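Residue-level structural notes
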Protein chains: 2
Amino acid sequence: MTNFDYLRNGEDIYRLSFETIQKEANLSGFSPAEAWVATRMIHACGRVDIAPLIQFSPDLVATAQRALSLGQPILCDSEMLAHGLTKNRFSHNNPVICTLHDPQTPLLAQQLGTTRSAAALELWKPHMAGSLIAIGNAPTALFHLLEMLDNIPDKPAAIIGIPVGFVGAEDSKTALAQQAPVPFLTLHGRQGGSAITAAALNALASSHL
Amino acid sequence: MTNFDYLRNGEDIYRLSFETIQKEANLSGFSPAEAWVATRMIHACGRVDIAPLIQFSPDLVATAQRALSLGQPILCDSEMLAHGLTKNRFSHNNPVICTLHDPQTPLLAQQLGTTRSAAALELWKPHMAGSLIAIGNAPTALFHLLEMLDNIPDKPAAIIGIPVGFVGAEDSKTALAQQAPVPFLTLHGRQGGSAITAAALNALASSHL
C-alpha cells in the first residue's frame, strides 16, 4: 500500500508555509498587519514574487477591519470569491452580496453597453455606503466601480481591487491606485483572481490582526 | 464625470486575452485541445510563465470529456472550486460534490490523523467510480487520494490535481505524475489553486474542444 511521507497536521502545515513565505518574500515595506495580509495573499497563489506588486493605502487595514466589525456588507464581483470567504472568521454577520447572477443583470449590461460583471455593480447601490468592496475577477467591474463612485455620495468604506487577466486588469488597478476614492488594497499587474482576493479578505477578518 | 477608456465588450475582451496568451506563452508542446485548456489556466492566473509547468497525460482530454458527457460526478476538494464551475457548460447534469463541510469530516480527520481536506475524500468513495476528480486547494488531499486509489477497485476516470502552496504542493503533484493511477492534468510547482483548477474544468467542458 502506498504511504507517502508528508505533513498531515493542518497547524504544522500553516506554520511552515508562513515561515517559508516570511523567509523568501520581501515584506519589509509593510506594517506587521499588512505583512500578515500579504503573506496570506502569497499563500493563496504560491508565489513570493508578488510581494512588491501588493499596494495598501495607508489606512486600508484599519478601515476594512472597522467596516467588518460594524457588520457592513461585503460586495463581491464573483460567486467564486463569495464562496472563498471563511464564514466563521466573519463574526459580525456581514452580509456577502454577489449580484452577477441577478435576473436584472443581463438587461442592465445590454442597456449600459458593458459586461455583466460591470453591470452587476449597479445593483450594489443600495448596499454601497460603508461597505467593503471586493473585486477579484473582472477588470471591467473595477473600472465601472471607479466611474460609479464619481456620482455616489455614500461611498464604500474600502476597496479590495484585485482583478486578473490580460485585458484591462493592469490598467484598472493603476486607475484604482491613482484615483484612490477610498482606502484600497491591490495587487498590480496581470495577476489576481478570486483566490488571492478571498485570502486578503479572510486575513483582514482574522484574529491575528 | 470619470469615464475610462477600456474594452467593455465581453467577447472582444476574451478574444484579445486569448490572442495575447497565444502570442506570449510557449504552447508548442501541446495538442490543440490541450493548448486551449492551458490557455484558460493561464488566463485564470494572469501568468504565461506557467505554460512549461502544465502536464497532461496523453489521454487526459479525451478521458475527461467522456466522463463529462456520461454525466459522471465532479468531486471537488473545496467549495470555492465547486462554485467556480460555469454551470451552463456542464450540459450533462454532472453532480458537483464537495464533502469538506460534511458533518462527518472533522471526526474522520481526527480518526485518520490528517487534515479535514484529506479526510473529506473518504466520503467520495460511493461516487468515485468513473468520476472526474478536481483537487485545487490541499496538497494533503492529493496525497490522500493517491493513497486511497491503491485500495479502490473502481477508479475515477481522471484527476485534475492542481493544489497550491508551500508545503506538499510540489511533492504531491510530482507523486501524481509518477504514480499516474489514471489520466491526469497538473501544474507543477507551488502554483495552483481553485481558480486555475476551475478554469481547466470549464475549458474541458467547453464546446471549443
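Everything quoted here is computed from the prediction, not taken from an experiment. (Residues numbered from 1 in each chain as written. Chains lettered and ligands numbered in written order. Predicted model: local features only at pLDDT ≥ 70, side-chain atom pairs only at ≥ 80, totals over all residues. Heavy atoms only, no water.)

**A word on the interface of chain A and chain B**
Each partner contributes to the interface: chain A provides 49 residues, whereas chain B provides 49 residues. Summing both sides of the interface, chain A and chain B together bury roughly 4,000 Å²; the carbon and sulfur share of this comes to 63%. At the boundary of chain A with chain B, the tally comes to six salt bridges. Joining chain A to chain B, the criterion identifies eleven residue pairs in polar contact (both at pLDDT 80 or more). Where the side of chain A that touches chain B is concerned, the elements lending two or more residues are helix 1 (10-24), helix 2 (32-45), helix 4 (79-82), helix 7 (139-149), helix 8 (169-179) and helix 9 (194-204) of chain A. The leading source of residues in the side of chain A that touches chain B is helix 1 of chain A, at seven residues. Residue composition of the side of chain A that touches chain B, by class: 21 nonpolar, 20 polar and eight charged. (Contact = heavy atoms within 4.5 Å. Buried area = accessible area lost by both parts, 1.4 Å probe. Salt bridge = Lys/Arg side-chain N within 4 Å of Asp/Glu carboxyl O. Polar contact = N/O pair within 3.5 Å; in protein donor to acceptor, adjacent residues only side chain to side chain. Helix = DSSP H or I, 4+ residues; strand = E, 2+ residues; numbered from the N terminus. Nonpolar A, V, L, I, M, F, W, Y, C, P; charged D, E, K, R; others polar.)

**Here we look at empty space enclosed by the protein**
To find the voids left in a structure, one rolls a probe of water-molecule size over its atoms. Enumeration over the complete set of coordinates arrives at one cavity of 30 Å³ or more. Each pocket or cavity is described by its volume, and for the largest cavity that value is around 150 Å³. Lining of the largest cavity is provided by 18 residues; of these, Cys45 and Gly192 of chain A together with Cys45, Gly192 and Ile196 of chain B occupy positions nearest its centre. Looking at the lining of the largest cavity, the elements that each hand over two or more residues are helix 2 and helix 9 of chain A together with helix 2 (32-45) and helix 9 (194-204) of chain B. Across the lining of the largest cavity, the residue classes tally to eight nonpolar, eight polar and two charged. (1 Å grid on protein atoms, 1.4 Å probe; cavity = no way out; pocket = protein on both sides within 12 Å on 5 of 7 lines; lining within 4 Å. Points joined across faces, edges and corners; volume = space filled by probe spheres on them.)

**Some points on the UniProt feature "domain: Cobalamin biosynthesis precorrin-8X methylmutase CobH/CbiC" (unreviewed entry) in chain A**
Per the UniProt record, the feature "domain: Cobalamin biosynthesis precorrin-8X methylmutase CobH/CbiC" (unreviewed entry) sits at residues 12-206 of chain A. Helix makes up 44% of residues 12-206 of chain A and strand makes up 10%, while its end C-alpha atoms are separated by 18 Å. (UniProt positions renumbered as here; feature names shortened; annotations may be inferred.)

**Some remarks on the relation of the copies chain A and chain B**
Between chain A and chain B, the superposition needs a rotation of 180° and an axial shift of 0.0 Å, giving an RMSD of 0.0 Å. Given the turn and translation reported, the copies of this chain are related as if by a two-fold rotation axis. It is Met80 of chain A whose C-alpha, among those of chain A, lies nearest the rotation axis, at 2.7 Å. A symmetric contact is evident, with 100% of the interface residues of chain A recurring at the interface of chain B. (Least-squares fit on C-alpha atoms with pLDDT ≥ 70 in both.)

**Let's talk about the confidence of the model for chain A**
In this model, chain A carries an average pLDDT of 96, and 99% of its residues clear a pLDDT of 70 or more. Of the two predicted TM-score estimates for the complex, the pTM is 0.97 and the ipTM is 0.96. (pLDDT = per-residue confidence, 0-100.)

**What about the packing of aromatic side chains?**
For the structure on display, the rule yields ten aromatic pairs over all chains. Ring geometry for Tyr14 of chain A versus Phe18 of chain A: centroids 5.6 Å apart, planes at 35°, classification tilted. Of this pair, Tyr14 of chain A and Phe18 of chain A both sit in helix 1, four residues apart, which is roughly one turn of that helix. By relative accessible area, which is 40% here, Tyr14 of chain A ends up partly exposed. Here Phe143 of chain A and Tyr6 of chain B contribute two aromatic rings whose centre-to-centre distance is 4.2 Å and whose plane-to-plane angle is 15°, an arrangement assigned as stacked. Here Phe143 of chain A is found in helix 7, whereas its partner Tyr6 of chain B is found in the segment before helix 1 (10-24) on a different chain. A residue is classified by how much of its surface remains accessible, and Phe143 of chain A, at 4% relative accessible area, is buried. What links up through ring pairs into an aromatic cluster is the set Phe4 and Tyr6 of chain A together with Phe143 of chain B. (Phe/Tyr/Trp six-rings, centres within 6.5 Å; stacked < 30°, edge-to-face > 60°. Buried < 20%, exposed > 50% of the residue type's maximum accessible area, 1.4 Å probe, protein only.)

**Quick notes on unusual backbone geometry**
At Asn93 of chain A, a residue that is not glycine, the phi angle is positive and equals roughly 55°. Here Asn93 of chain A is to be found in the loop between helix 4 and strand 3 (96-97).

**Points about helix 1 of chain A**
Look at helix 1 of chain A: 21 Å from first C-alpha to last across 15 residues, which is about the 21 Å you get at 1.5 Å a residue. Looking at helix 1 of chain A, one finds that the buried residues are Ile13, Ser17, Phe18, Thr20 and Ile21 of chain A. Looking down the long axis of helix 1 of chain A, one finds its buried residues gathered within 155° of arc, a one-sided arrangement. Seen from the open side of helix 1 of chain A, the exposed residues pointing more than 90 degrees away from its buried face are Glu11 and Lys23 of chain A. Buried-residue contacts for helix 1 of chain A involve helix 2 of chain A together with helix 7 (139-149) of chain B. The opening residue of helix 1 of chain A, the one whose side-chain oxygen lies 2.9 Å from the backbone nitrogen of Glu11 of chain A, is Asn9 of chain A. (Expected span 1.5 Å × (residues − 1). Arc of directions from axis to C-beta.)

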